[in-house]
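This is what each chain is made of:
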Amino acid sequence: MTQQTSASQNPNQNPNPGKIKFFAKREKIYPRRVNGRYRKLKWLAMIVTLAIYYLAPFLRWDRGEYAPSQAILIDLPSRRAYWFFIEIWPQEVYYLTAILIFAAIGLFFATSLLGRVWCGYFCPQTVWTDLFIWVERIVQGDRNARKRLDQSPWGFEKIWKKGLTHLIWVLIGLFTAGAFVFYFNDAPTLWADILRGDVSGTVLAFVAGLTFSTYLMAGFAREQVCTYMCPYARFQSGMFDKDTLIIGYDQHRGEPRGSHKKGESWDGRGHCIDCTACVQVCPAGIDIRNGLQMECIACGLCVDACDEIMDKVGLPRGLIRYDTEGNLENAYKSGKREKIRFVRPRTIYYALVLSVLFGVVTYSLLTRSLFDLHVLHDRNPLFVTLSDGSIRNGYEVKILNKQYDPRLYAIEVSGVPGAELSVRAAGNPDVKALEVAANAVGHYHVFVSAPAQENDRVPIHFTLRDNETGHEDHYESIFISRRSR
Amino acid sequence: MTHHNDDHKNEVDDITGVETTGHEWDGIKELNNPAPRWWLWIFYITVIWSIGYWVVYPAWPTISGATKGAIGWTQYEKLARDQAEIAAVQATYMARFAGADFDTIMNDPALYEFAVAGGRAVFKDNCATCHGTGGAGGPGYPNLNDDDWLWGGSIEAIYTTLLYGIRSTHDLTRQSQMPAFLADGLLKRDDVIKVVDYVLAANKEGTVDIDHPGRAIFKEQCVSCHGNDGRGLREFGAPNLMDAIWLYGVNASSVYKTVSQAHNREAVYQTVAQGRNSIMPHWEGRLEDHTIRQLAVYVHALGGGEESSVTDDTTNFSEPEPEPEPESGED
């Protein structure tokens, strides 16, 4: 991997030749417009991902009258997360961990097969940067026009063009931030609240913060996020091997490069006409002909640019192409392009891990308990002697009803001979029919009375039964008869 | 070695082209690299911000206090505002709670929880000193978790005890007295030992031994309050002597342990000989009525609370049972 330092490209940067400069200023990139296969794919990916992002909060999913009917919702005040048929309670956040691991391995798998497709097409940083560049181009014109505008003195044209660009950027940022808060509130209600101008300070603060960060990241930081901030960029090359699809320049075919006039012979020279189209379209501002570089997000726009040129000069496409490192190295010399080996130890390994993980997550989601029992022994007092000499222990019982309707539960104890269970709550409920509201945690203080046991503390087993389904959950606690001797 | 040399003021570092500060440590020279511009600007902005802060908020100490801010903000005022916010949330419950009788409260989950939560906090402030944070009491201080109540365990009875106290200075106080039989010369030492033996034996066996030498003394001196069967009378706040709970026992659960019988014997002896008359203060006039009612619900909820219908305050106690044993052979 070689990396051109910007200092060598811009020798004027250092006012003191021979002196070391420790800071290389970012050079602004003006990506040129390009058409082609990968550009079309990129537009498509942008439309699909943005549509998902903006529209997903408005999808409905019926969960009955006791739970929200928004398909995707992170309900922070109630501490619940909903995703269609999946609901996650705070203590089940390990599902989120599993989903994140799944996403990470999925990224590794995709990377080992197709290279950095995530970076080039789906990463929000890429999508929004692409959108912002598109706005820039609509308002200010293409690469050269934008360059000229930047170099021209401030005047009416520059002010209105720049102003309009930034205004649209801020508006996009506002909509991005606005869509984000919909994931945390009932979207139609919040939308109505926004239209009435009646929104909480929290919502406003998040909208302001995210508007600013979108404006900053997609408007200014852009490729610097990928190069300097993103950890994936740094370790994704670790997933590459000779069979990974990468964007590459076929240097055996292209070199030696040089300008070419129509009708000139191609003998004794490479196919690269050094038109720098590939450099001009690059949103990362690199020259792909220098080989695979960390800054390359594999968007394929240079492939489109080069193919366009190759068509014009009447040479076959693919001087820059999506191909494996092996093919880029050997295909031109041998005249034979190897078939891409998608099935390799690395991909098999990732696929295996992915499917195992998918199986585990699916299994645990399918077998997720719909109610849980938690029992906490009272700390003070640990036990109470009753007038007949028997012993009573108190327990804080929590019943987690994850179902979308109120349920009645029966609670029982076993393991302590002669144990009797009672509960003290409003309306003197029956221990065989403790009601717990839908999608909520029920708290009950229950008492177990039993003759003093032989041992100071003996295990006691709590059983909770859903009266409707008959399903059970269990919890082990202790029964204390006296202070430890 | 450190030295400062003014001659080096304008020395320029060969490699970086940056001026040195003239500071040198063992040949290492400090370069005069200014702080980044963005950092400097943030610094200036915070300086300007602080001036605004001085104006708006209390900032500068004076001899008697501090400068008042332009908006009149103080921590006291903020505390008062926060407390008012909480009180406003409470008010909705409090209005319902204050207007509800015990029967309503005990059957309304929201009111019940409100009472228990409020009672728990007030208990720790006012009651825990004697009864313990968990209400488990100690020698001389009743355990409020158990089912043994001197004056009744219904919500109404607990409320009454809380209002007027026991042997308190309130006019309506609950009043009972355990005489100091030995100290006041009512009984001789031998008789005290006999009656203590009798009480402990009866308690241990669970039945009255009519042939016990202490039985006669018990009948003469104790039944008027503790009942013929020794099971106490709540009317007088007289404890049940047949149960496993000893207010002044060293360790209530040790009753079953032979080894600690001596301790109980000593404690019971002390009680009979010297009398025991501890005080529960009245809370009427010292706590708000709704607070006392919250406390009553909380204590009732600790586990020993009784149904109102079973023991309706002090009026509903068990009638003295007819003499179980034949009169003959006693006198």
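The rules we used
- Residues numbered from 1 in each chain as written.
- Chains lettered and ligands numbered in written order.
- Predicted model: local features only at pLDDT ≥ 70, side-chain atom pairs only at ≥ 80, totals over all residues.
- Heavy atoms only, no water.
- Helix = DSSP H or I, 4+ residues; strand = E, 2+ residues; numbered from the N terminus.
- Contact = heavy atoms within 4.5 Å.
- Areas by Shrake-Rupley, 256 points an atom, 1.4 Å probe, with all protein chains shown as cover.
- Rg over C-alpha atoms; globule rule 2.2 N^0.38 Å.
- Buried < 20%, exposed > 50% of the residue type's maximum accessible area, 1.4 Å probe, protein only.
- Lys, Arg positive; Asp, Glu negative; His and termini not counted.
- Charge placed at Lys NZ, Arg CZ, Asp CG, Glu CD.
- pLDDT = per-residue confidence, 0-100.
- Pairing = 2+ DSSP bridges.
- Buried area = accessible area lost by both parts, 1.4 Å probe.
- Salt bridge = Lys/Arg side-chain N within 4 Å of Asp/Glu carboxyl O.
- Polar contact = N/O pair within 3.5 Å; in protein donor to acceptor, adjacent residues only side chain to side chain.
- Axes fitted to C-alpha atoms, helices over the stretch in contact; angles between N-to-C directions.
- Parallel < 35°, antiparallel > 145°, perpendicular 65-115°, else oblique.
- Left-handed = near helix turned anticlockwise from the far one by under 90°.
- Nonpolar A, V, L, I, M, F, W, Y, C, P; charged D, E, K, R; others polar.
- Core = buried A, V, L, I, M, F, W, Y, C linked by side-chain atoms within 4.5 Å.

J.: Tell me what's going on with the overall build of chain B, and back it up with residues and numbers.
T.: The helix and strand tally for chain B stands at 11 helices and 3 strands. Counting helices and strands in the order they occur from the N terminus, chain B gives β-β-β-α-α-α-α-α-α-α-α-α-α-α. Taking the intrachain contacts of chain B between residues at least 6 apart in sequence as the baseline, contacts between residues at least 24 apart amount to 54%. In the form shown here, chain B has an accessible surface area of approximately 19500 Å², with 58% of it arising from carbon and sulfur atoms.

J.: Can you tell me about the overall build of chain A, naming the residues and giving the values?
T.: Looking only at helices and strands, chain A has 16 helices and 14 strands in total. For a compact globule of 485 residues, the expected C-alpha radius of gyration is about 23 Å, and chain A comes in at 32 Å, more than 25% above that figure. Over its C-alpha atoms, taken along the principal directions, chain A stretches across nearly 110 × 60 × 50 Å. Expressed as a percentage of the 485 residues in chain A, the buried residues total 46%. Accessible area of chain A: about 25700 Å², with a carbon and sulfur share of 62%. Computed over 57 positive and 48 negative side-chain charges, the separation of the two mean positions in chain A equals 11 Å.

J.: Account for the confidence of the model for chain A, naming residues and giving values.
T.: Considering every residue of chain A, the mean pLDDT works out to 88; 95% of them sit at 70 or more. Contacts of residues 1-14 of chain A to residues separated by more than four positions or lying in other chains number 18 contacts, the stretch itself having pLDDT below 50.

J.: Could you give an account of the pairing of strand β5 (residues 320-324) of chain A, with specific residues and numbers?
T.: Residues and elements named next belong to chain A. Of all 5 residues making up β5, 5 are buried, and the element is well covered by its neighbours. The alternating pattern of β5 places I320, Y322 and T324 on one face and R321 and D323 on the opposite face, and all of these are buried. Across 5 bridges, strand β4 (residues 245-249) lies against β5 in antiparallel orientation. Bridge pairing in β5 places I246 opposite D323.

J.: Lay out the interface of chain B and chain A with the relevant residues and their values.
T.: Between chain B and chain A, the contact holds 30 residues from the first and 20 residues from the second. At the boundary of chain B with chain A, total buried surface from both sides reaches about 1900 Å², with 51% on carbon and sulfur atoms. The tally of links between chain B and chain A comes to 0 salt bridges. The interface formed by chain B and chain A contains 11 residue pairs in polar contact (both at pLDDT 80 or more). Listed by contribution, the elements that provide at least two residues to the side of chain B that touches chain A are α3 (102-107), α4 (109-126) and α11 (289-301) of chain B.

J.: Describe in detail the sheet that holds strand β11 (residues 434-436) of chain A, supporting the description with residues and values.
T.: All names here are of chain A. Read across the open sheet, the 4 strands follow the order β11-β9-β13-β14; overall the sheet is antiparallel. Here the strands that pair on one side only, and so sit at the sheet edges, are β11 and β14 (472-480). Neighbour-to-neighbour, the strand axes of the sheet open up by a mean angle of 35 degrees, direction not taken into account. Alignment of strand β13 (residues 457-466) against β14, held across 9 bridges, turns out to be antiparallel. Each residue of the ladder has a partner; that of T463, found in β14, is H474.

J.: Account for unusual backbone geometry, naming residues and giving values.
T.: Residue P256(A) is reached from E255(A) by a cis peptide bond, and omega for that bond is -10 degrees. With respect to the secondary-structure elements, P256(A) resides in the loop between α12 (251-254) and α13 (277-281). Note the cis peptide between N380(A) and P381(A), where omega equals 0 degrees. For P381(A), the location among the structural elements is in the loop between β6 (371-377) and β7 (384-385). One non-glycine residue with positive phi stands out, namely D26(B), at about 50 degrees. For D26(B), the location among the structural elements is in the loop between β2 (20-25) and β3 (28-31). When its relative accessible area of 64% is taken as the criterion, D26(B) is described as exposed.

J.: Go over the pairing of strand β1 (residues 72-75) of chain A, please, and point to the residues and values.
T.: All names here are of chain A. Where β1 meets strand β2 (residues 80-83), 4 bridges bridge the pair, whose relative direction is antiparallel. The residue bridging L73 from the neighbouring strand is Y82, located in β2. Between the antiparallel neighbours β1 and β2 lie 4 residues, among them R79 with a positive phi of about 60 degrees.

J.: How would you sum up the packing of helix α2 (residues 37-55) of chain A against helix α5 (residues 124-140) of chain A? Please name residues and give values.
T.: Residue and element names in this part refer to chain A. The N-to-C vectors of α2 and α5 enclose an angle of 110 degrees; their axes lie 10 Å apart at closest approach. Taken together, the axes of α2 and α5 are roughly perpendicular relative to one another. In the crossing of α2 with α5, the sense of the turn from one axis to the other is left-handed. Note on element contacts: α5 touches α2 through T126, V127, W128, D130, L131 and W134, opposite R39, K42, W43, M46, T49, L50, Y53 and Y54. Here the contact of α2 with α5 is composed, by residue class, of 9 nonpolar, 2 polar and 3 charged.

J.: Give me the sheet that holds strand β3 (residues 86-88) of chain A: which residues, what numbers.
T.: Pairing between sheet strands relies on hydrogen bonds along the backbone, with the strands arranged either parallel or antiparallel. Residues and elements named next belong to chain A. Here 3 strands make up an open sheet; going across it, the order is β1-β2-β3 and the pairing antiparallel. Bordering the open sheet on either side are β1 and β3, each of which pairs with just one other strand. On average, each strand axis in the sheet is tilted by 10 degrees relative to the strand beside it, whichever way the strands run.

J.: Describe in detail the environment of W49(B), supporting the description with residues and values.
T.: Residue and element names in this part refer to chain B. With respect to the secondary-structure elements, W49 resides in helix α1 (residues 37-56). Look at W49 and you get exposed, because its relative accessible area is 65%. Each C-alpha atom, one on W49 and one on T173, is 64 Å from the other, the two residues being 124 residues apart in sequence.

J.: Explain the nonpolar core residue by residue, including any values.
T.: Grouped together as the largest cluster of nonpolar side chains are 36 residues, with contacts concentrated most on I105(B), L162(B) and V297(B). Look past the residues within four positions of I105(B) in its chain and what remains in contact with it is F97(B), A100(B), L111(B), Y112(B), A115(B), R293(B) and V297(B). Among the nonpolar cores identified, the runner-up in size contains 35 residues, and V34(A), C226(A), C272(A) and A277(A) belong to it.

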